[in-house]
2 protein chains.
Amino acid sequence: MELFMSIELMGDVGLEEAVLPEGSSKILDEKQSFSNKSFSNKSFSKNSFNIEEYWSSIDQLENDYNISFVRMDFGLPGIPPSKFCIEEHCNALKNGTTAINYPPYSGDPELRKQFSIFLANKLAIECDKNDVVVTCGATQALFVAQYIAAKCNGNGRILFLTPTYPPMVEQCKLLGLQALTLEVGNNRGAGLVDEISAIFEREKIDAICWASPNNPSWVVLDETELQGIAEVCKRHEAIAIEDLTYLGMTDVKMNDGEVFPSISQYYDRYFLVLSASKMLSYAGERLGFLTGSRALMDANVQTNSDVEGGGEGNVRRFSRSLVFNLSAGSPYSAQSGIREIFKLENNGTISLKEILSEYVDRAKRLRGMLSRSGFYEIYDNENPDGFYVCFGYPNMGGEELCNVLIEYNISVLPLTVFLSKRTDGVRACVGRLSEAKFQELELALENFSGDRNNVKCSSKH
Amino acid sequence: MELFMSIELMGDVGLEEAVLPEGSSKILDEKQSFSNKSFSNKSFSKNSFNIEEYWSSIDQLENDYNISFVRMDFGLPGIPPSKFCIEEHCNALKNGTTAINYPPYSGDPELRKQFSIFLANKLAIECDKNDVVVTCGATQALFVAQYIAAKCNGNGRILFLTPTYPPMVEQCKLLGLQALTLEVGNNRGAGLVDEISAIFEREKIDAICWASPNNPSWVVLDETELQGIAEVCKRHEAIAIEDLTYLGMTDVKMNDGEVFPSISQYYDRYFLVLSASKMLSYAGERLGFLTGSRALMDANVQTNSDVEGGGEGNVRRFSRSLVFNLSAGSPYSAQSGIREIFKLENNGTISLKEILSEYVDRAKRLRGMLSRSGFYEIYDNENPDGFYVCFGYPNMGGEELCNVLIEYNISVLPLTVFLSKRTDGVRACVGRLSEAKFQELELALENFSGDRNNVKCSSKH
């Protein structure tokens, strides 16, 4: 059964109203002498599951009972933002004119330039700064990309490769479009392309949208797959939307060097979405990027609005206009900080690759621990290392596993939260796995494993 | 003829491509020995008018020819942001955890609390912090309010009181809804209510949306009008969306003291939209607020999404969910700065009223100057003083007046940019009118006036 659980929000949740998975209350009371607080009986498997409520209920458990979980539930960066970035950001606030003035609606010109150099280097593509729009996070960039793709092609339908970041699909529905999904599991390579092609044959589709590396699966689409998707898109005049939020946070590279595989190397009608949240540890500041291929940015698009005379504008103008009409631009002072980081990366003063390799190391270590404790990997063992690791435990559902791990002070999320059909898996984020947390985790996993074996043994008696 | 000119954007405009009103080139060349640059022949009266292009072409004129305009074109705050705000913002960046962590999606709880106290004080209403959502500027708040109003009522139609901030209406069109407009000119009081009522009788309307004080007209709807709108809305089960971006920036008050007149005092199904951009001079940082009445926030709304089970969620949850799905929350560190300012205002340490009275003083002074130089006011002379002043000159169109004022190094915008039917008026913003600029302006207006009289005299010969 596929459990679609929407990400939806509730603030200020008191512990009384907190939404821990069913059964947690009793377990926590017994194992950790928690006081007699009552939890509601909402669970992962109900549509009322609310990810922010879940996070804050774990926060509250930690605070109220002075215990410390191994928090792998939230996709939070764990490497502090660069001091150069913070410094420039503060300088802009204190000495600059960015706080009082509206930002240029497409973003600070020098930031767009430095970003375009960065992206061109990472992907070995051409990227014109005039084709870059700074957005309020990758989330806004995805919204703009989907809006425009649907306007360009007019079929009212977008195909998503799942599992994925839930707002990506939610936005499509909010726009009144139909969201089709295709699970990327073991159907990789030419087989995956065939499945995509079959869907395009059946349905008129405006765009295909995916993240690479993927949240949560950490799948990186390879050359065969990208080449195949490019051909399908070309045949059906569809737009490719590639979410590169996690660019640089994995060790994947193509055969010929440091270049990360991207649709932009195979197709000429694409949007790319990037973010300062993970790669630059700037999640709080809400900065992202939308860029498109020259051919797409030059294309005409029919809009509902009076933009550009008779309602026809090119995609470049329209993408800027959307950011203007959605949020009057993106946070201005933060753009100074991020501009500095791209500048330092571009001139070789800092190496994001080196900084971000920390996540790769942590993922390797986590995978080793999981394997030693009897867990299995949900996706191909050949999956690269990086920010997320997905795993299961024999004969347990993913939601059950989440619930039981809470007993061991470990928090993760079931894959069903990410629109996955894999009901047996969970996602763990290595963002907050410090050395101390790794040691706690190792013990906790050994305990879990020991307890499982005892259960198995006692059930044999 | 009503000229609808859309606000739409173009970055990096070279002077060669700059979009000054027709004829400016020749005039500037003659009067100011400008070099032989060629301007395109785009003008205000073409749909291709682009406000960001216009602003940047004036910027470039100033830079390239080392002249300084009296800039009244852009609605930019001119009072520096509070040092307490900047200080707290920087502290959060340097010492806090806000840069690396995602914001709570409805906003920092303490900010929402301080904001709710502030608003309750200013409007003498109840405002629950749980009914406040922090947004990426008032622009995002307006988008969310319109989206929800249309979902609640399902008629696909919103009525706007014009002239107004163009993105307000543009958003409606982007959402695929029909935008109706009603010009608020001299039809005030019961007459205005009758006109609104007549439109509601003719058409099924989801919401009525306006700003008070209004950009550009600076009209503040009075008790009779608000009471009347409340009755019309109640009769037709419509939602009222009141944009209070300029709250506190005028000297209007109701009879019984310091309270500003608002729909929230007369009706129980409303959204209020506020902004840190103007009132707190934080335009660059993109922070705004959406709040709704208890009755509206509790109401059910049918969504396209899977939010809240079967697609039914209450408005409170849905408004948070929209901000999450549009931008994953609002800039986090900036929330610390703004929280501090509301706290200081609420406990009486600072007085926004005192700080913002500067704009009222400037408007009075500007109106005096204009009157002495033969200009007339577009709206009622009883209009309050504040951030914007709208004026015309006998026998000149608004666009013509803009063009001619450029000769005198004065930049303003024609009212048609703001969807006004008044083709004879322009909007001036006092935000950047420093003492030095006032002196330049006085001379320039005298020159303008003298030249006009000469023209008149010579045409009599």
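What counts, and where the lines are drawn
All residue numbers refer to positions counted from 1 along the written sequence of the respective chain. Whichever chain is written first becomes A and whichever ligand is written first becomes 1, with later ones labelled in order. It should be noted that, the model being predicted, local features are given only for residues of pLDDT at least 70 and side-chain atom pairs only at 80 or more, the latter also being counted only at that level, while totals for whole chains, interfaces and linings use all residues. Side-chain numbers come from the whole structure's heavy atoms, not from hydrogens or water. Secondary structure elements follow DSSP: runs of H or I of four or more residues count as helices, runs of E of two or more count as strands, with numbering from the N terminus. Each residue is assigned to one of three classes by its accessible area relative to the maximum for its type, calculated with a 1.4 Å probe on protein chains only: buried under 20%, partly exposed between the two thresholds, exposed over 50%. The contact definition used throughout considers only heavy atoms, calling two residues in contact when any of these lie within 4.5 Å. Working definition of accessibility: Shrake-Rupley area with a 1.4 Å probe, residue cover restricted to the visible protein chains. When DSSP finds two or more bridges between two strands, those strands count as paired. Aromatic rings from Phe, Tyr and Trp, taking only the six-membered ring of Trp, are treated as a pair when their centres fall within 6.5 Å; an angle between ring planes under 30 degrees marks them as stacked, one over 60 as edge-to-face, and anything in between as tilted. We call a charge positioned over a ring when the NZ of a Lys or the CZ of an Arg lies within 6 Å of the ring centre and within 35 degrees of the ring normal. Each helix should span, by expectation, one fewer than its residue count multiplied by 1.5 Å. The directions from the helix axis to the C-beta atoms are what the arc is built from. Salt bridges are defined by distance alone: a side-chain nitrogen of Lys or Arg within 4 Å of a carboxyl oxygen of Asp or Glu. When two components associate, each loses some accessible surface as probed by a 1.4 Å sphere; the sum of these losses over both components is called the buried area. Each polar contact in these results corresponds to two N or O atoms within 3.5 Å; when the atoms are within protein, one needs to be able to donate a hydrogen and the other to accept it, and residues that are neighboring in sequence are counted only if both atoms are side-chain atoms. Here the nonpolar group is Ala, Val, Leu, Ile, Met, Phe, Trp, Tyr, Cys and Pro; Asp, Glu, Lys and Arg are the charged ones; every other residue, Gly included, is treated as polar.

Student: Looking at this structure, how should I read the overall build of chain A?
Tutor: For chain A, the helix and strand inventory stands at 15 helices and 15 strands. Out of the 461 residues belonging to chain A, those deemed buried represent 64%. Counting only contacts in chain A whose residues sit at least 6 apart along the sequence, the fraction spanning at least 24 positions is 73%. As displayed, chain A offers around 15800 Å² of accessible surface, 46% of which is attributable to carbon and sulfur atoms.

Student: It is not clear to me how the sheet that holds strand 11 (residues 376-377) of chain A should be interpreted in this structure. Could you clarify?
Tutor: Picture the strands of a sheet paired through backbone hydrogen bonds; they go either parallel or antiparallel. Residues and elements named next belong to chain A. Judged by pairing direction, the sheet is antiparallel, and its 4 strands sit side by side in the order 11-12-15-14 without closing on themselves. For this open sheet the edge positions go to strand 11 and strand 14 (413-414), each flanked by a neighbour on one side alone. Alignment of strand 14 against strand 15 (residues 426-429), held across 2 bridges, turns out to be antiparallel. Paired with L413 across the bridge in strand 15 is R427.

Student: Looking at this model, I keep getting lost on the packing of aromatic side chains. Mind explaining?
Tutor: Aromatic ring pairs are defined here through the distance separating the ring centres and the angle between the ring planes. Scanning the entire structure with this criterion turns up 39 aromatic pairs over all chains. Ring centres of Y246 of chain A and F387 of chain A lie 5.8 Å apart, and the angle between their planes is 35 degrees; on these two criteria the pair is classed as tilted. A residue pair is termed long-range when its members are at least 10 positions apart, and Y246 of chain A in the loop between strand 6 (239-243) and strand 7 (270-275) and F387 of chain A in the loop between strand 11 and strand 12 (388-392) qualify at 141 residues. Comparing Y246 of chain A with F387 of chain A, the two get one shared label, buried. Summarising the aromatic geometry, the rings of F289 of chain B and F342 of chain B are spaced 5.8 Å apart at their centres and angled 70 degrees between planes, so their arrangement reads as edge-to-face. One end of the pair, F289 of chain B, is in strand 8 (residues 288-292); the other, F342 of chain B, is in helix 12 (residues 332-346), with 53 residues separating them in the sequence. In this structure F342 of chain B comes out as buried when scored by relative accessible area, which is 0%. Through pairs of rings, three or more aromatic residues link up here, namely W218, Y246, Y359, F387 and Y388 of chain A. In this structure, R365 of chain A packs its charged tip against the face of F438 of chain A, placed 4.3 Å from the ring centre.

Student: What exactly am I supposed to notice about helix 7 (residues 190-202) of chain B here?
Tutor: The periodicity of an α-helix, 3.6 residues per turn, causes residues three or four places apart in sequence to face the same way. Residue and element names in this part refer to chain B. Its 13 residues give helix 7 an end-to-end C-alpha distance of 18 Å, which sits within 8% of 18 Å, the value for a rise of 1.5 Å per residue. For helix 7, the complete set of buried residues consists of L192, V193, I196, S197, I199 and F200. Buried residues along helix 7 cover an arc of 160 degrees about the axis, so they all sit on one side. Within helix 7, the exposed residues directed more than 90 degrees away from the buried face are D194, E201 and R202. Looking at the packing, one finds that the buried side of helix 7 touches strand 3 (157-162), strand 4 (178-183), strand 5 (207-211) and helix 8 (223-236).

Student: Hey, could you run me through the pattern of salt bridges in this one?
Tutor: Where charged atoms from two side chains of opposite charge approach closely, those side chains can pair. Scanning all chains against the criterion turns up 42 salt bridges over all chains. For E345 of chain B, the salt bridge goes to K122 of chain B, with nearest N and O atoms at 3.3 Å. Of this pair, E345 of chain B sits in helix 12 while K122 of chain B sits in helix 4 (residues 109-123), and the two are 223 residues apart along the sequence. Taking relative accessible area as the criterion, E345 of chain B reaches 14% and is therefore assigned buried. Its relative accessible area of 22% is what places K122 of chain B among the partly exposed residues. K364 of chain B is the partner of D251 of chain B in a salt bridge, and the nearest nitrogen-oxygen pair spans 3.4 Å. Within this pair, whereas D251 of chain B is found in the loop between strand 6 (239-243) and strand 7 (270-275), its partner K364 of chain B is found in helix 13 (residues 352-372), the two being separated by 113 residues in sequence. For D251 of chain B, a relative accessible area of 34% translates into the label partly exposed. One connected set of salt bridges, linked through shared partners, spans D59, E62, R71, D73 and R432 of chain A.

Student: I would appreciate a short explanation of the environment of E223 of chain B in the present structure.
Tutor: Topologically, E223 of chain B is positioned in helix 8. Sequence separation between E223 of chain B and P261 of chain B is 38 residues, and the spatial gap between their C-alpha atoms is 6.6 Å.

Student: So what exactly am I meant to see when it comes to the interface of chain B and chain A here?
Tutor: Note on interface size: it is often stated as the accessible area lost on association of the parts. Taken together, the contact pairs 83 residues of chain B with 83 residues of chain A. Both faces considered, chain B and chain A share a buried interface measuring about 6600 Å² in area, 57% of it formed by carbon and sulfur atoms. Summed over the shared surface of chain B and chain A, the number is 22 residue pairs in polar contact (both at pLDDT 80 or more). Listing elements by their share of the side of chain B that touches chain A, those giving two or more residues are helix 2 (51-65), helix 3 (83-95), helix 4, helix 5 (137-153), helix 6 (166-174), helix 10 (308-311), helix 11 (315-327) and helix 12 of chain B. In terms of residue count, helix 11 of chain B provides more of the side of chain B that touches chain A than any other element does, 9 residues in total. Here the side of chain B that touches chain A is built from residues that sort into 38 nonpolar, 27 polar and 18 charged.

From the geometry alone we can't say anything about function, so treat these as descriptive.
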